[in-house]
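An overview of the molecular structure
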Amino acid sequence: MIDLFSGLDAWVLVSLLLALTFVLAFEFINGFHDTANAVATVIYTKAMPPHLAVFFSGVFNFLGVLLGGVGVAYAIVHLLPVELLINVNTGHGLAMVFSLLAAAITWNLGTWYFGIPASSSHTLIGSILGVGLANALINDIPLGDGVNWQKAIDIAMSLVVSPMAGFAVAALVLIGLKWWRPLSKMHKTPEQRRKLDDKKHPPFWNRLVLVVSAMGVSFVHGSNDGQKGIGLIMLVLIGIVPAKFVLDLNSTTYQIERTRDATLHMSQFYQRNAATLGEFLALGKAKASDLPEQFSCNPQQTEPTIAALQTSLKGVTDYHSLDAEKRVEVRRYLLCLDDTAKKVGKLPGLDAREKSDLEKLRKDLTATTEYAPFWVIVAVALALGLGTMVGWKRVVLTVGEKIGKQGMTYAQGMSAQITAACAIGMANVFALPVSTTHVLSSGVAGTMVANKSGLQGGTVKTILLAWVLTLPASMGLAAGLFWLASKAIG
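What you see is a predicted model; the values in this text were computed from it and never measured.

Let us now look at the packing of aromatic side chains. Under the criterion given, the structure shown has 4 aromatic pairs. Aromatic side chains Phe-22 and Phe-98 sit 5.4 Å apart centroid to centroid with 90 degrees between the ring planes, which places their arrangement in the edge-to-face category. Taken together, the residues span a long stretch of sequence, with Phe-22 in helix H1 (residues 10-44) and Phe-98 in helix H5 (residues 90-113) at a distance of 76 residues. Consider the rings of Phe-204 and Trp-205, whose centres lie 5.2 Å apart with planes at 75 degrees: the pair is edge-to-face. Here Phe-204 matches Trp-205 in class, with each residue exposed. Across the ring face of Trp-180, the terminal group of Arg-181 is positioned such that the distance to the ring centre comes to 5.4 Å.

Pasting the structure below:
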């Protein structure tokens, strides 16, 4: 990590430290919002005392970030179009990073202050989309090219479907528990348990399930939301100090060889499927000299891009041996080849086996560009955990008492948490960002309906309003800030 600061101009160093502080502040505030949801049920039901709940939630969040990989992180990064990602420079990177972070932090703080379980995921995604669209308007790029719309649609579907699934599945789980054990003490609220049984804590087995499922939610939350922070930091590092982070400088000789071999096999793949792909890729027509000086991704320049990449990596066993400009160039080639391969994989005419082979080649191709240093992962994990310990009380009260017309029963808490842990865990498997806030809140609402407790209209309307407004509000705020920043830097 010390190498990060060597050789930087003073103003770049200050900008970098500020940007990293902003990202960690976003993750800290994320702890107010989303990680608090992971412990809301277990604290409200008195299955765990607050100080233990937030401590162990922090530990499991840390483990989730540590073991979660970077699939979700780069799903967030690739919301921005590949053209914006390949043409990085310090000034532009600073404007992009500070605009989206300032917008996300502002909206998150406002909704937290009013105790609204708004989604940090919606806020972050909206901010990134706002920057992408503003960049398109400023540079006269068609709005259709300003954002990676296919990735945006995939993420939007996961954000819309996951709360609906949480509502329905949690309701069904509760109905199943009521059918299985209709007279069980798990159907009491903490208040009823205190008055009728003169006991403070849930029955042993209910308490165990509540604790285990809460830690499960914490773990998958760390894996999913923690990766969003990792993605943000990588945007910061690539945008401000590209020479040091466009490629994983710790890549082994084997990983570099794997990347080089992937380009060779990809060329062979395209030749093998020339009858289907020849026109789309202009196979046999483009030459290396056709690559423009202002590099842009174009499927019809795939062959010269592969040739240029193979030349750049010839004999390279350590990325440190490449100068700064060459590293940026190699990353551009890799991102463009991956972007083209992704488009090729969606073309009709390729059979399932060929598409599967292409996906494997894409993973090898991006092995040294989609990464995160260990210190980034640790920093994000610590920020999430500390945020949980500071700001959990407001959201716990909303989840426990203000969604339904009566307090939450132990069975409802178990149903909502088990559903949330499974739903977010599945999203992690498919590298899709989802909102812990909305999955858990909708799960609680589903159990209230299934329990015939009714919903508090005011709270539900407020949550729905935040759900609807967060995306456009953060988009507009980030776009406005990016426009102002772009004008300021000229």
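This is not the end of the story, as more comes after the structure.
On to the pattern of salt bridges. For the structure on display, the rule yields 11 salt bridges. Lys-195 serves as the salt-bridge partner of Glu-191, at 3.8 Å between the closest nitrogen and oxygen. Taken together, the residues Glu-191 and Lys-195, both in helix H8 (residues 190-197) and 4 residues apart, mark about one turn of the helix. A relative accessible area of 38% places Glu-191 in the partly exposed class. Residue Lys-195 is classed as exposed on the basis of its relative accessible area, which comes to 59%. Measuring nitrogen to oxygen at the nearest pair gives 2.6 Å for the salt bridge that ties Lys-228 to Asp-225. Of the two residues, Lys-228 and Asp-225 both sit in helix H9 (residues 204-240), 3 residues apart, roughly one turn of that helix. Residue classification places Lys-228 among the buried positions, given a relative accessible area of 2%. A cluster of three or more residues bridged by salt bridges with shared partners is formed by Lys-188, Arg-193 and Asp-197.

With that out of the way, let us pick up the environment of Leu-13. Of note, Leu-13 is situated in helix H1. With 228 residues separating them along the chain, Leu-13 and Val-241 place their C-alpha atoms 9.2 Å apart.

As for its position among the elements, Glu-27 is in helix H1. Buried Glu-27, no salt bridge; nearest opposite-charge side chain is Lys-228, N-O distance 8.2 Å. Among all residues touching Glu-27, those that are not within four sequence positions of it are Asp-225, Gly-226, Lys-228, Gly-229, Val-380, Ala-383 and Leu-384.

With that out of the way, let us pick up unusual backbone geometry. Residue Lys-46 is not a glycine yet carries a positive backbone phi of 60 degrees. You can see Lys-46 is positioned in the loop between H1 and helix H2 (50-67). The partly exposed category is assigned to Lys-46, whose relative accessible area is 37%. Even without glycine at this site, Ala-431 takes up a positive phi of about 55 degrees. Looking at the element boundaries, Ala-431 is found in the loop between helix H17 (410-429) and helix H18 (436-450). Ala-431 sits in the partly exposed class, given a relative accessible area of 25%.

Locating Val-444 in the fold gives a position in helix H18. For Val-444, a relative accessible area of 1% puts it in the buried group. Separated by 32 residues in sequence, Val-444 and Gln-412 have C-alpha atoms that sit 6.8 Å apart.

Right, let's talk about the nonpolar core for a bit. In this structure, Ile-230, Leu-237 and Tyr-270 are the most contacted members of the largest nonpolar core, which totals 84 residues. The residues that make up this core include at least three from each of domain 1 (1-242 + 373-487) and domain 2 (251-364). Core analysis: the second largest hydrophobic core is formed by 18 residues, Met-48, Met-215, Tyr-410 and Met-414 among them.

In this model, helix H7 (residues 149-180) (32 residues) spans 45 Å end to end at C-alpha, consistent with the 46 Å of a helix rising 1.5 Å per residue. Inspection of H7 places Ala-152, Ile-155, Ser-158, Leu-159, Ser-162, Pro-163, Gly-166, Ala-170, Ala-171, Leu-174 and Leu-177 among the buried residues, and these make up the whole buried set.

Any two packed helices are characterised by the angle at which their axes cross and by the distance between the axes. Here helix H11 (residues 253-272) crosses helix H15 (residues 352-365) at 155 degrees, and the two axes come no closer than 8 Å. Relative to H15, H11 is oriented roughly antiparallel. The two elements H11 and H15 meet at a crossing, and its hand is left-handed. Listed contacts from H15 to Arg-258, Thr-259, Ala-262, Thr-263, His-265, Met-266, Phe-269, Tyr-270 and Arg-272 of H11 are Glu-354, Asp-357, Leu-358, Leu-361, Lys-363, Asp-364 and Leu-365. Counted by class, the contact of H11 with H15 contains 7 nonpolar, 3 polar and 6 charged residues.

Moving on to H18. For H18, which comprises 15 residues, the first-to-last C-alpha distance of 21 Å matches the rise-based estimate of 21 Å (1.5 Å per residue) to within 8%. Where burial is concerned, most of H18 is hidden: 14 out of the 15 residues are buried. Backbone geometry just after H18 places Lys-452 at a positive phi near 60 degrees.

Another aspect to go through is the environment of Gln-227. Among the secondary structure elements, Gln-227 is positioned in helix H9. In the structure, Gln-227 is positioned 204 residues away from Ala-431 in sequence and 9.8 Å away in space, judged by C-alpha atoms. When neighbours within four sequence positions are excluded, Gln-227 is seen to be in contact with Gly-68, Gly-69, Val-70, Gly-71, Val-72, Ala-73 and Gly-222.

Bringing the confidence of the model for the chain into the picture now. Of all residues in the chain, 87% have pLDDT values of 70 or greater, and the mean over the chain is 82. The least confident element of the chain, judged by mean pLDDT, is helix H4 (residues 82-86) at 67; the most confident is H11 at 92.

Procedures and definitions
All residue numbers here refer to positions counted from 1 along the written sequence of the relevant chain. Note on the predicted model: pLDDT of at least 70 is required for a residue's local features to be given, and 80 or more for side-chain atom pairs to be given and counted; whole-chain, interface and lining totals, by contrast, use all residues. Remark: hydrogens and water are excluded; side-chain values derive from all non-hydrogen atoms of the structure. Only the six-membered ring of Trp is used, alongside the rings of Phe and Tyr, when aromatic pairs are assigned; centres must lie within 6.5 Å, and planes under 30 degrees apart are stacked while those over 60 apart are edge-to-face, with the rest tilted. Only DSSP runs of H or I covering at least 4 residues are called helices, and only runs of E covering at least 2 are called strands; the numbering of each starts at the N terminus. Burial classes: relative accessible area under 20% of the type maximum marks a residue as buried, over 50% as exposed, and values in between as partly exposed (1.4 Å probe, protein chains only). Two conditions define a charge located above a ring, namely a distance within 6 Å from the ring centre to NZ of Lys or CZ of Arg, and an angle within 35 degrees of the ring normal. Whenever a carboxyl oxygen of Asp or Glu lies within 4 Å of a side-chain nitrogen of Lys or Arg, that contact is scored as a salt bridge. Counted as positive: Lys and Arg. Counted as negative: Asp and Glu. His and the chain ends are not counted at all. What makes two residues a contact is simply this: any of their non-hydrogen atoms within 4.5 Å. To define a nonpolar core, start from buried Ala, Val, Leu, Ile, Met, Phe, Trp, Tyr and Cys residues and group those joined through side-chain atoms within 4.5 Å. Here the bounds of each domain stem from an automatic or database domain assignment. Under the convention used throughout, the expected extent of a helix is 1.5 Å for every residue step, that is, one less than its residue count. Whenever a helix is involved, its axis is fitted only over the stretch in contact; in every case the axis is a line through C-alpha atoms, and angles between N-to-C directions fall within 0 to 180 degrees. Here the angle decides the label: under 35 degrees means roughly parallel, over 145 means roughly antiparallel, 65 to 115 means roughly perpendicular, and every other value means oblique. By convention, the crossing between two helices is left-handed when the near helix turns anticlockwise from the far helix through less than a right angle, and right-handed when the turn is clockwise. Amino acids outside the nonpolar list (Ala, Val, Leu, Ile, Met, Phe, Trp, Tyr, Cys, Pro) and the charged list (Asp, Glu, Lys, Arg) are all regarded as polar, and Gly is one of them. Each residue carries a pLDDT score, the predictor's confidence in it, ranging from 0 to 100.

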